[in-house]
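Descriptive structure summary
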Amino acid sequence: MFKNIMAWVDERLPVSDLIKSQLTEYPAPKNLNYWWNFGSLALLVLVIQLATGIFLVMHYKPDAALAFDSVEHIMRDVNFGWLLRYMHANGASFFFIAVYIHILRGMYYGSYRKPREILWWFGIVIFFLLMGTAFMGYVLPWGQMSYWGAAVITNLMSAVPVVGEDLVIWVWGGFSVGDPTLNRFFSLHYLMPFLVTGMVVLHLWALHAVHSNNPDGIDLEKKDTIPFHPYYTVKDLYGVGVFLLIYCFFVFFAPNAFLEPDNYIEANPMQTPAHIVPEWYFLPFYAILRSIDFLGTFSKLAGVIAMIGSIAILFVLPFLDRSPARSFRYRPISKVLFWIFFVDCVILGWVGYNPSDAVVLGGIPIVYVGRAASAVYFGYFVLIWIITAFGIEKPKPQPKSL
Amino acid sequence: MTFNSLVKATALVLALATPQALLAGGAAAPLPTQDWEHKGMFGEFDNNQMKRGAQVTVEVCMGCHSVKYIKFDFLRQFGFTEQEVKDMAESQGQTKKSRMISSMSEEDAKDSFGVIPPDLSLMTKARKGYEDYTYAMLTGYLNEDESELINNAMEDDALSDSEIQSIAAKLHLNPDDPEKVKEVVTRIQNGENFNKYYPGNFFAMPQPLMADQVEYADGTKTDLHQLAKDTTAFLAWAAEPTLMERKSTGKGVLLYLILLTALLYAIKRRMWSKLH
């Protein structure tokens, strides 16, 4: 019966062929380690966010006078509304955990190198879209951090020369963050996940065109590959189990761990919180933004350019890295630079979390730490280029096959 | 460079790097921590404590504050009778189906205190320190000995070194900053409300709770610690009435996921063993 139906469909649309070539018999490297689980995990969180988000919208009211109350209505009155909201709020954090590990894995094993540049670029576009989506989503509960976070970030657009001030008013839909801002952010927060989904399809298409990289970063022969199913379906599912365990621990037992207490205070345009902090996943970039404060009137614009540049520079990473080896396993200097880069990102996050006038380590203004860490951040990309373009780094011998 | 050495180095840097601006800027004393029965994976709200906390909230807090996301009728789940709930509502000029809104109008509150008293529905979730913050606000005022110490200070318009030392120690102020201590003493003597744990110390709210201010039906002692603890626990329930449902669901979910993940791991091992 099922065979007959599938035969009927296949004659008209080759579904079985697609499943066979792209899933059950799709060749995958046999040496992938667990760092390769995070792509499928990011996809899992995307599905969780879409599913919970659609149901949250059924109860949420995008109105400055009603939004905060409607979130509490979801928490208190809607059946399992607390579950929907906590899954969605923690889902945002776990989305970024998965995506950051996914990006760092790509950087360490050289997954951005030829022939995977387009695959890498699609990934960066997804990352930009995610940040926009997360930022607008955080505004929707209309708490104090929602409001003031939105005010600080949208204000950055005033740094654009000539039209900046008008641009901010246009984005706000008024002369301050207010009801029109909330409405358009709601609309865009609903739209952007579908753009993300479209980009994920392109990302997967690009992946399946060039196939997965692997921890050794070498081109594999047929004998070094195994069919995706059942080997990687079961390995990915095991990863899903572990990931869900950690995620659900937070959802059910520490649901506010990633949230600022201030966001349980309704937005009040008349009262600025003592200390405005963005969500943790924006902190390193926020630190870079604030580190440029020494250029007088150009500081704001330069800070914004540096912040956007800190992610946009990933676009040219495939051309900066000229090493004959992809994987840092065989690149001793790159490996050290990578770990310095990683620690530097953590330091930037910590700088971003603290007030900009804080003093640390017995008398050093934190902004100096931020400037140094920003320099190290961009230094990584320059050094990767220098050590590979001028043959300073001699890669260790790589195997020809596994 | 190994991963472990990196972790250690990072931890060391972070330990050294605690920002000092916060400590220098007249920050309040660190919040004392309490054991909360509803916290932790297996924590639950205690119905008797909820009844006591609700009583203090209605009889004392609601003189000025509202708990707007809770209706009086919800309190019956802790064992209050319908008549008791009706009486509580009537004490605020409300009916049992109304939300717990204070009988004091916002205008009157602003006239008396200069600010509108914040709604308490989310108080235990909306401040750093959570329940410990609320408890500290209720208990952080000067006790009798401390008040006496302050009132007797500066009789000749100057503070002696020993007075500065003892006042600074009691009030968690910096003993090396006599000007600050003097300013604090003057403001307290002028009748401002001092709370050891409130950031900035001076607070629009006069001491809200005193020992023996209410009489508990179940005979529990009514010292300040007990009153503050019961009230805070009740407000923690008001902040998230679905907390118990969340945790009991969570236990089932985690148990299921542990089993599922173990099975998936076993299948993965078995499947991949053919490869090696």
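Procedures and definitions
- Residues numbered from 1 in each chain as written.
- Chains lettered and ligands numbered in written order.
- Predicted model: local features only at pLDDT ≥ 70, side-chain atom pairs only at ≥ 80, totals over all residues.
- Heavy atoms only, no water.
- Helix = DSSP H or I, 4+ residues; strand = E, 2+ residues; numbered from the N terminus.
- Buried < 20%, exposed > 50% of the residue type's maximum accessible area, 1.4 Å probe, protein only.
- Contact = heavy atoms within 4.5 Å.
- Areas by Shrake-Rupley, 256 points an atom, 1.4 Å probe, with all protein chains shown as cover.
- Patch = residues over 30% accessible without salt bridge, like charges linked within 9 Å, V, L, I, M, F, W, Y side chains within 5 Å.
- Salt bridge = Lys/Arg side-chain N within 4 Å of Asp/Glu carboxyl O.
- Lys, Arg positive; Asp, Glu negative; His and termini not counted.
- Charge placed at Lys NZ, Arg CZ, Asp CG, Glu CD.
- Core = buried A, V, L, I, M, F, W, Y, C linked by side-chain atoms within 4.5 Å.
- Domains from an automatic or database assignment.
- 1 Å grid on protein atoms, 1.4 Å probe; cavity = no way out; pocket = protein on both sides within 12 Å on 5 of 7 lines; lining within 4 Å.
- Points joined across faces, edges and corners; volume = space filled by probe spheres on them.
- Nonpolar A, V, L, I, M, F, W, Y, C, P; charged D, E, K, R; others polar.
- Buried area = accessible area lost by both parts, 1.4 Å probe.
- Polar contact = N/O pair within 3.5 Å; in protein donor to acceptor, adjacent residues only side chain to side chain.
- Axes fitted to C-alpha atoms, helices over the stretch in contact; angles between N-to-C directions.
- Parallel < 35°, antiparallel > 145°, perpendicular 65-115°, else oblique.
- Left-handed = near helix turned anticlockwise from the far one by under 90°.
- Expected span 1.5 Å × (residues − 1).

1. Notes on the overall build of chain B
Broken down by element type, chain B carries eleven helices and four strands. Burial statistics for chain B: of 276 residues in total, 41% are counted as buried. The contacts of chain B with a sequence gap of at least 6 include a subset with a gap of at least 24, amounting to 68%. A total of about 14,900 Å² of accessible surface is found on chain B, and carbon and sulfur atoms cover 54% of it.

2. Considering the overall build of chain A
Looking only at helices and strands, one finds 14 helices and four strands in chain A. Once the C-alpha set of chain A is aligned to its principal axes, its extents read approximately 65 × 65 × 40 Å. Going through the 402 residues of chain A one by one, you find that 51% of them count as buried. Considering only contacts in chain A between residues 6 or more positions apart, those separated by 24 or more positions represent 80%.

3. Examining a negative patch on the surface
Residues E106(B), E107(B), D108(B) and D111(B) make up a contiguous surface patch of negative charge. Within the secondary structure layout, E107(B) lies in helix α5 (residues 106-113).

4. Points about the nonpolar core
Of all hydrophobic cores here, the largest spans 121 residues; its most connected members are M107(A) and Y380(A). Taken together, domain 1 (33-276) and domain 2 (280-402) of chain A each give at least three residues to this core, which thus spans both. The residues contacting M107(A), other than those within four sequence positions of it, are Y112(A), W120(A), L314(A), L317(A), F328(A), F338(A), F341(A) and Y380(A). Membership of the second largest hydrophobic core comes to 25 residues, among which are F78(B), M100(B), A236(B) and L243(B).

5. Quick word on the layout of surface pockets
Residue and element names in this part refer to chain A. The volume enclosed by the second largest pocket comes to roughly 1,200 Å³. In this structure, the second largest pocket is lined by 46 residues; those nearest its centre are G39, S40, H102, L204 and L207. Secondary-structure elements contributing two or more residues to the lining of the second largest pocket are α2 (15-24), α3 (38-57), α5 (81-108), α6 (117-139), α9 (179-210) and α10 (228-253). Residue composition of the lining of the second largest pocket, by class: 27 nonpolar, 15 polar and four charged.

6. Digging into the interface of chain A and chain B
The interface of chain A with chain B comprises 49 residues on the first partner and 43 residues on the second. Note on chain A versus chain B: buried area summed over both sides is about 4,200 Å², and carbon and sulfur give 73% of it. For the pair chain A and chain B, the interface holds one salt bridge. Here K128(B) makes a salt bridge to E260(A), at a shortest N to O gap of 3.3 Å. At the junction of chain A and chain B, the tally comes to eleven residue pairs in polar contact (both at pLDDT 80 or more). For the side of chain A that touches chain B, the secondary-structure elements that each account for two or more residues are α4 (67-76), α5, α10, α13 (332-353) and β3 (359-360) of chain A. In terms of residue count, α10(A) provides more of the side of chain A that touches chain B than any other element does, 16 residues in total.

7. Focus on a nonpolar patch on the surface
Residues and elements named next belong to chain A. Residues I54, F55, M58, Y190 and F194 make up a contiguous nonpolar surface patch of about 490 Å² in total accessible area. At the level of elements, α3 and α9 are the ones that each hand at least two residues to the nonpolar patch. Topologically, F194 is positioned in helix α9.

8. Some points on unusual backbone geometry
Residue P115(A) follows K114(A) across a cis peptide bond; omega there is 5 degrees. Within the element layout of this structure, P115(A) appears in the loop between α5 and α6. The omega angle of the peptide bond from H229(A) to P230(A) is 10 degrees, so this bond is cis rather than trans. Although it is not a glycine, Y130(B) adopts a positive phi angle of roughly 50 degrees. Topologically, Y130(B) is positioned in the loop between α5 and α6 (131-139).

9. Overview of the environment of V60(B)
All names here are of chain B. Mapping V60 onto the fold places it in the loop between α3 (47-59) and β1 (67-71). Given a relative accessible area of 16%, V60 falls into the buried group. Ignoring any residue separated from it by four or fewer positions in sequence, one finds V60 in contact with P208, L209, Q213 and V214.

10. As for the packing of α3(A) against α10(A)
Residues and elements named next belong to chain A. At a minimum axis distance of 10 Å, the contact between α3 and α10 shows a crossing angle of 55 degrees. Judged by the inter-axis angle, α3 sits oblique to α10. Between α3 and α10 the crossing geometry is right-handed. Contacts between α3 and α10 pair S40, L41, L44, V45 and I48 from the former with D236, G239, V240, F243, L244 and Y247 from the latter.

11. Observations concerning the side chain of E117(A)
Among the secondary structure elements, E117(A) is positioned in helix α6. In contact with E117(A), not counting residues within four places along its chain, are Y112(A) and P318(A).

12. With respect to helix α11 (residues 243-273) of chain B
For α11(B), which comprises 31 residues, the first-to-last C-alpha distance of 44 Å matches the rise-based estimate of 45 Å (1.5 Å per residue) to within 8%. Looking only at α11(B), the buried set comprises L243(B), R246(B), K247(B), G250(B), L254(B), L257(B), T261(B), L264(B), K268(B) and W272(B). The inward-facing, buried residues of α11(B) contact α5, β2 (225-227) and α10 of chain A.

13. Some details on the domain arrangement of chain A
All names here are of chain A. Taken domain by domain, chain A consists of domain 1 (33-276) and domain 2 (280-402). Computed over C-alpha atoms only, the centres of domain 1 and domain 2 are separated by 23 Å. Across the contact, 47 residues belong to domain 1 and 42 residues belong to domain 2. Buried area between domain 1 and domain 2, both sides added, is near 4,000 Å², and the carbon and sulfur share of it is 66%. One can count three salt bridges joining domain 1 with domain 2. At the junction of domain 1 and domain 2, the tally comes to 21 residue pairs in polar contact (both at pLDDT 80 or more). At the level of secondary structure, the elements contributing two or more residues to the side of domain 1 that touches domain 2 comprise α5, α6 and α7 (144-155). Here the residues of the side of domain 1 that touches domain 2 are counted per class, giving 29 nonpolar, eight polar and ten charged.

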